[in-house]
Every structure is written in structure tokens, then in C-alpha cells.
Amino acid sequence: MDRHSVFDSVVSSFYRYYDVNTQDPVEPFHVEATYRGMDMQYMLVKKAKVFETENYEYVYFYKTDFLTKELYDMLEERAWADGMSRTHPHQNHRSSDVTLVIVADAIDPECENKAKKAKRHQSYNLGFHGYSAFRLVVCDLSNGNVLSNRRGSDLKKTVSSILKKEIEKEEKL
């Protein structure tokens, strides 16, 4: 199975709702995507707001032939640091999630446990100004496994279905 085709399929699934940056993403990532969502409730006229919330998500994509523990640690740290530098909590801020998607031909067995246990969370002003959470998905093409941390389980389903479609496409050829 080709790492590049799986990577492109995963990235293309984000184009509908995210601003995808393939030209100059943050180093060392190959692609990054940003989601900005706003929700507002008002009574009769828009000036009479009941509440307003803003949600953000910063997604970082990386592809490699072999994912080592050191490379994983560096990618996780860089994604979290860059996502936190873009987060500006305020009264209407609800969440700013940081997501890391890695597609690898093979991964170090140490990375499997580390990926499943990855956990980062930041609360702002006791939660009144929102929070930030870390989501992770690692796609291991050597055995077809898709790993995620607890927060990334919903994204794991999406990446698994993309991987399944890529496998079916390859079998037809």
C-alpha cells in the first residue's frame, strides 16, 4: 500500500470543512488544516445575543516511512506548541483542539503504547474561557492498524474507513 496515496486521501477528507494549507505548513509537518466555527443564539434580533461560542481546531499531518519514539515525541511537542501559540482564550472561546495525524509505513512498538496514552489538556480561567485538548491518530500501513488516543477515537473511525477504501482500491488493481 502506498503511503502517499493514503496520506492524500486522509488530507482530502478535511477539505470540506477546514482551511487546508499545503503550501507553507509549520515545520516539520507536510500539511496543516484549520477549522473555525462560531455558534450564536439570539432573541428576535441579532443584537439581542443570548450567547456566542467559538471553536477552533488545528490539525497537523505528517507522513514517514518509519515512526520512531524520538520522531513521535518531537511531532507531538511541535503540534501542541504551535496549536497553543494560536489559541487566544476569551469569554466566548469554547475550545481549541490540536490534532496530529501521522501516516507511517511502519512504527516502533514503543510508539503504539505511547500513542494510545497520549494526553494533553489545558483549561483556561477554570474553564470559563474554554479549553484545549490533544487528539492523535497514527496510521500504521505495515499491518493496517489505526491507533489513537482517547480524544482521537472519532477521527480514528474516519481514518480507518479511508484506509479500508484504499486497501479495496489496491486489491481491485
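Before reading further, recall that the structure is shown in the block above.
Keep in mind that this is a model prediction, so the values were computed, not measured.

## Quick look at the packing of aromatic side chains
And then number 1: Tallied over the full model, the rule gives seven aromatic pairs.
And then number 2: Their ring planes at 50 degrees and their centres at 5.5 Å tell us that tyrosine 18 and tyrosine 35 sit as a pair that is tilted. Of the two residues, tyrosine 18 sits in the loop between helix H1 (3–12) and strand S1 (19–21) while tyrosine 35 sits in strand S2 (residues 31–42), which places them 17 residues apart along the sequence.
And then number 3: According to the relative accessible area criterion, tyrosine 18 is buried, its value standing at 16%.
And then number 4: Relative to tyrosine 60, the ring of phenylalanine 29 lies with its centre 5.0 Å away and its plane at 40 degrees, an arrangement referred to as tilted. Remark: tyrosine 60 occurs in strand S3 (residues 49–67) and phenylalanine 29 occurs in the loop between S1 and S2; sequence separation between them is 31 residues. No difference in accessibility class separates phenylalanine 29 from tyrosine 60, as the two residues are buried.
And then number 5: One aromatic cluster in this structure is built from Phe7, Phe14, Tyr18, Tyr35 and Phe61.

## Regarding a negative patch on the surface
And then number 1: Together, Asp2, Asp8, Glu168, Glu170 and Glu171 make up a negatively charged patch on the protein surface.
And then number 2: Here aspartate 8 lies in helix H1.

## Observations regarding the state of the cysteines
And then number 1: In this structure the tally under the stated criterion is zero disulfides.
And then number 2: Cysteine cysteine 111 remains unbridged, with the sulfur of cysteine 139 as its closest cysteine sulfur at 14 Å.
And then number 3: For cysteine 111, a relative accessible area of 2% gives the class buried.

## Regarding the pairing of S2
And then number 1: In the sheet, S1 pairs with S2 via three bridges, with the strands oriented antiparallel. The partner of valine 20 across the bridge, within S2, is alanine 33.
And then number 2: Looking at chain direction, S2 and S3 are connected through twelve bridges and run antiparallel. Bridge pairing in S3 links methionine 40 to glutamate 52.
And then number 3: Between S2 and the antiparallel strand that follows it, S3, lie six residues; leucine 44 among them carries a positive phi value of about 60 degrees.

Calculation rules
Sequence order as written defines residue numbering, which begins from 1 separately in each chain. For a predicted model such as this one, the threshold for reporting local features is a pLDDT of at least 70, and the threshold for listing and counting side-chain atom pairs is 80 or more; totals across whole chains, interfaces and linings nevertheless cover every residue. Note that water and hydrogens are dropped before the side-chain values are worked out from all heavy atoms of the structure. For Phe, Tyr and Trp, where Trp contributes only its six-membered ring, two rings pair if their centres lie within 6.5 Å, and the inter-plane angle classes them as stacked under 30 degrees, edge-to-face over 60, or tilted in between. Counting from the N terminus, the helices are the DSSP runs of H or I reaching at least four residues and the strands are the DSSP runs of E reaching at least two. Using a 1.4 Å probe on the protein chains alone, a residue whose accessible area is under 20% of its type maximum counts as buried, one over 50% counts as exposed, and one in between counts as partly exposed. Candidates for patches are residues over 30% relative accessible area with no salt bridge; among them, like charges are joined within 9 Å and nonpolar side chains (Val, Leu, Ile, Met, Phe, Trp, Tyr) within 5 Å. Note that accessible areas follow from Shrake-Rupley with a 1.4 Å probe, and for residues the cover is restricted to the protein chains shown. Every case where a carboxyl oxygen of Asp or Glu lies within 4 Å of a side-chain nitrogen of Lys or Arg is listed as a salt bridge. None of His or the chain ends enter the tally, which takes Lys and Arg as positive and Asp and Glu as negative. Lys charges are placed at NZ, Arg charges at CZ, Asp charges at CG and Glu charges at CD. Cysteine sulfur atoms that come within 2.5 Å of each other are treated as a disulfide pair. Two strands qualify as a pair provided that DSSP identifies no fewer than 2 bridges between them.

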